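Each chain is listed here by its residues.
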Amino acid sequence: MRNYTQFYIDGQWVDPIAPRTAQVVNPATEEVSGTISLGSAVDVDKAVAAARRAFATFGETSAKERLDLLEAILAEYLKRETELGEAVSEEMGAPMSLACGFHTLLGKGHLSTAIEVLKDFKFEEQRGVTMIRKEPIGVCGLITPWNWPMNQTCVKIFPALAAGCTMILKPPQLAPYSAQILAEILHDAGVPAGVFNMVQGKGSEIGTALSTHEDVDMISFTGSEPVGVQIQKDAADTVKRVGLELGGKSAWIVLDDASLATNVAAATGGMMGNSGQTCSAGSRLLVPNARMDDAIAAATEAANGVTVGDPKGNFAMGPVVSKSQYEIIQGYIEKGLEEGAKLIAGGLGKPDGLDKGYYVKPTVFVGTNHMVIAREEIFGPVLVIIGYDDVDHAVEIANDSNFGLGGYVSGEDLDAARAVSRRMRTGAIWVNGGFDFHAPFGGYKRSGNGREWGEHGFAEYLETKSVVGWNQA
Ligand code: NAD
């Protein structure tokens, strides 16, 4: 049992001002795995005051000093990588191979990338008589979701530190363990008191206290669209910058010249990864109508081949994060059936033999883009295959969405695939796969307004100042 009832404020582990605890449930067993404290607005006040005090000196540090600090953090992170992976698996149900693999690799990747970017980052640039300076924005509130816990905390904390900001992290209540270990890592690496603070608790309390706080300069939020909207409203009175990374309903277009079997299998497997709880997952798979039968055969085989079970075992997919998430997903599967979508794999209920734990069957529908299951983010292992007539039709379907986070294009003719990528109204597109920690990540439309990852991720935490007359003409 984990007992994480203290917050990290001003370089120390402290008790909440008003003691209140909540139990954390292991989604694989439905049993309590530990306890956290739920903070209140007064804990936030204390953390913000510490961050403000620390900003006076940390905001003035040199890039070299911050680089040394990030390198010290990397050394500590490497020592505790397995522990972080175990915590991720326990809190949100990812299979151990994924939690100790890609989950922790993402955290390490954002840290190493912040180091690389900081080495060459130009905080000052002279243009004529003017010096354009990039300065840290100040005290930042970082609010994160549970689905890729290490990715989301690290993609915010390390660019913010690199920029010279101080911060208060509010981790997700459903997945609070890995953030606690991360706070220990930052402490052990010698992050100065007050630069990093962490308060656990409910979004409606801790999150709101940060968004409305007079002395918080910006909020970086990753999570659902309705909460993003609320945060923007809450932050409006104090005119803070709000970076939003929200949901998605991304299209994967398999072009006519692509290998259908390979790409449909990859898209189906990709959708089921992390139990479908990935904001940029290709949840709408677009295939040529003329090849629909082959696509159905390939997707059915791929979905039925996804093994589901205990995160400690050798399975491709674990449970989804919580009972309520399980029920929401079941509701969408039911909706798909009601709307007349054709179920070709999975369906309602738990996979055979998995009565305990929030396990969902890897599910594939063939439907249309007008169906609710093609329009709303399900955030579970549910794929919708949609047929298209020609490339124009495929692009039209892909863009016919309120969201605009990710996109995928598979095709042999690279120029044709690139042309399609230009026409898609989304923030990140993968042409025939690939991975790049320096590629900016963020959404168009209701998928948000921020850009994280690499150098673009620094911009969120920087103000721009012009000093005219720096050079006297
Ligand atoms: P969520 O919006 O419910 O919660 C996210 C965080 O916000 C949590 O820490 C929560 O406690 C907090 N919160 C809740 N209400 C709040 C309020 N009123 N004010 C301030 N904070 C509040 O999202 P979730 O269920 O944790 O995560 C899933 C969502 O995150 C999905 O929609 C997914 O697409 C999105 N997501 C987006 C990205 C991206 O980069 N675009 C990445 C991962 C997840």
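See the structure shown above.
Now for a look at the structure at hand. (Residues numbered from 1 in each chain as written. Predicted model: local features only at pLDDT ≥ 70, side-chain atom pairs only at ≥ 80, totals over all residues. Heavy atoms only, no water.)

### Notes on the side chain of D234
Looking at the element boundaries, D234 is found in helix α8 (residues 225-236). It turns out D234 is buried and unbridged, and the closest side chain with the opposite charge, K233, is 8.3 Å from it. Contacts of D234, omitting those with residues within four sequence positions, involve T208, S211 and T212. (Helix = DSSP H or I, 4+ residues; strand = E, 2+ residues; numbered from the N terminus. Buried < 20%, exposed > 50% of the residue type's maximum accessible area, 1.4 Å probe, protein only. Lys, Arg positive; Asp, Glu negative; His and termini not counted. Salt bridge = Lys/Arg side-chain N within 4 Å of Asp/Glu carboxyl O. Contact = heavy atoms within 4.5 Å.)

### Structural notes on the site of the ligand
T144, S224, L246, C279 and E377 are the nearest of the 26 residues found near the ligand. Interatomic distance of 2.6 Å between a side-chain N/O atom of S224 and an oxygen atom of the ligand. Here an oxygen atom of the ligand sits 2.5 Å away from a polar atom, N or O, in the side chain of E377. When residues of the shell around the ligand are traced back to their parent elements, those giving at least two are α7 (203-211), β11 (218-222) and α8. It is α7 that contributes the most residues to the shell around the ligand, 3 residues altogether. (Near = heavy atom within 4 Å. Polar contact = N/O pair within 3.5 Å; in protein donor to acceptor, adjacent residues only side chain to side chain.)

### A word on the sheet that holds strand β6 (residues 124-127)
Pairing is antiparallel in the open sheet, where 3 strands are placed in the order β6-β7-β22. Only two strands of the sheet have a single neighbouring strand rather than two, namely β6 and β22 (462-468). Going across the sheet, the axis of each strand differs from the next one's by a mean of 20°, ignoring polarity. Of the pairings in the sheet, the one linking strand β7 (residues 130-136) to β22 comprises 7 bridges and is antiparallel in character. (Pairing = 2+ DSSP bridges. Axes fitted to C-alpha atoms, helices over the stretch in contact; angles between N-to-C directions.)

### As for the packing of helix α3 (residues 81-92) against helix α6 (residues 177-188)
α6 packs onto α3 with a crossing angle of 160° between their chain directions and a minimal axis gap of 8 Å. Comparing their axes, α6 and α3 come out roughly antiparallel. Contact residues: α3 offers E83, L84, A87, V88, E90 and E91, while α6 offers Y177, S178, I181, L182 and I185. When grouped by side-chain class, the residues that make up the contact of α3 with α6 number 7 nonpolar, 1 polar and 3 charged. (Parallel < 35°, antiparallel > 145°, perpendicular 65-115°, else oblique. Nonpolar A, V, L, I, M, F, W, Y, C, P; charged D, E, K, R; others polar.)

### So, the packing of aromatic side chains
How two aromatic rings sit relative to each other is given by the distance of their centres and the angle of their planes. Under the criterion given, the structure shown has 15 aromatic pairs. Summarising the aromatic geometry, the rings of Y8 and F196 are spaced 6.2 Å apart at their centres and angled 35° between planes, so their arrangement reads as tilted. Residue Y8 is found in strand β2 (residues 7-9), and its partner F196 is found in strand β10 (residues 196-198); the two are separated by 188 residues along the sequence. Accessibility classification places Y8 together with F196 in one group, the buried group. Each ring, one from Y408 and one from W430, has its centre 5.2 Å from the other, and the planes form 20°; the classification is stacked. In this pair, Y408 is assigned in strand β19 (residues 406-410) and W430 in strand β20 (residues 428-431), connecting sequence segments 22 residues apart. (Phe/Tyr/Trp six-rings, centres within 6.5 Å; stacked < 30°, edge-to-face > 60°.)

### Observations regarding the packing of helix α4 (residues 96-120) against helix α5 (residues 149-163)
Between two packed helices, what matters for the description is the angle formed by their axes and the separation of those axes. Here α4 crosses α5 at 15°, and the two axes come no closer than 8 Å. When the axes of α4 and α5 are compared, the pair comes out roughly parallel. Here the hand of the crossing between α4 and α5 comes out right-handed. Along its contact with α4, which presents H103, T104, L106, G107, H110, L111, A114 and L118, the element α5 presents P149, M150, N151, C154, V155, F158, P159 and A162. Among the residues forming the contact of α4 with α5, the class breakdown is 11 nonpolar, 5 polar and no charged. (Left-handed = near helix turned anticlockwise from the far one by under 90°.)

Any functional reading would require information that these geometric values do not contain.
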